[in-house]
Amino acid sequence: MAETQQVDESSEKSGGDRKEAARAERRTAKLAKEIGTFAKAHGGAEGQIAYIGQKGARIVLVGEDGGWGDLVAPSYEIAERAVEKSGITRHEAFDGEFAAKVKTGPYEWSRMAGIQVGGRSNG
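All figures in this text were calculated on a predicted structure; none of them were measured in a lab.

The rules behind the values
Residues numbered from 1 in each chain as written. Predicted model: local features only at pLDDT ≥ 70, side-chain atom pairs only at ≥ 80, totals over all residues. Heavy atoms only, no water. Salt bridge = Lys/Arg side-chain N within 4 Å of Asp/Glu carboxyl O. Helix = DSSP H or I, 4+ residues; strand = E, 2+ residues; numbered from the N terminus. Buried < 20%, exposed > 50% of the residue type's maximum accessible area, 1.4 Å probe, protein only. pLDDT = per-residue confidence, 0-100. Contact = heavy atoms within 4.5 Å. Pairing = 2+ DSSP bridges. Axes fitted to C-alpha atoms, helices over the stretch in contact; angles between N-to-C directions.

Draft legend 1. Broad picture of the pattern of salt bridges. Taken as a whole, this structure holds six salt bridges when the rule is applied. A salt bridge links K101 to E46; the nearest nitrogen and oxygen atoms lie 2.3 Å apart. Residue K101 is found in the loop between α3 (96-100) and α4 (106-117), and its partner E46 is found in strand β1 (residues 45-51); the two are separated by 55 residues along the sequence. Residue classification places K101 among the partly exposed residues on the basis of a relative accessible area of 32%. As a salt-bridge pair, E92 and R90 come within 4.0 Å of each other at their nearest N and O atoms. A residue is classified by how much of its surface remains accessible, and E92, at 64% relative accessible area, is exposed. It is possible to trace a salt-bridge network through shared partners that takes in E80, R90 and E92.

In structure tokens form, the structure reads like this:
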């Protein structure tokens, strides 16, 4: 008679879930640290999260000095937790007074013009 062994799938799954949760927490902490570094370099910061499909979510950051940047999180939930953990102000949309805080220079304008209307870029 052959011996059979019952595998407790719930314990195997919970082990995988724990690893995934730990990975998500590490990613959240790393993003929060990067947001904090940006905020410190720019005299403070505000942000907005945009869903970008399977790639996750984009965190757009605008510094008090008008500097801007972005980060990509693997999921919207991780982006939300990272922004919350960083302590910056979160906007629901990138419009109005928030968008007006962004300062762009000649490089950005020449790149945008070159890309959008087929013109020459200075870059």
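Draft legend 2. Molecular detail of the confidence of the model for the chain. For the chain, the mean per-residue pLDDT works out to 85, and 80% of the residues sit at or above 70. Confidence over residues 4-11 falls short of pLDDT 50; this stretch has one contact with residues more than four positions distant or in other chains.

Draft legend 3. Region of the structure containing the sheet that holds strand β4 (residues 89-91). Here we have four strands laid out as an open sheet, ordered β3-β2-β1-β4, and mixed in their pairing. If you trace the sheet from one side to the other, it starts and ends with β3 (68-73) and β4, each paired once. Each strand axis lies, on average, 30 degrees off the axis of its neighbour in the sheet, ignoring direction. As judged from the seven bridges shared by β1 and strand β2 (residues 57-63), these two strands associate in the antiparallel manner. Bridge pairing in β2 places A50 opposite R58.

Draft legend 4. Geometry of the side chain of S75. Within the element layout of this structure, S75 appears in the loop between β3 and α2 (76-86). Under the relative-accessibility criterion, S75 is labelled buried at 19%. Setting aside residues up to four positions removed in sequence, S75 forms contacts with G56 and A57.

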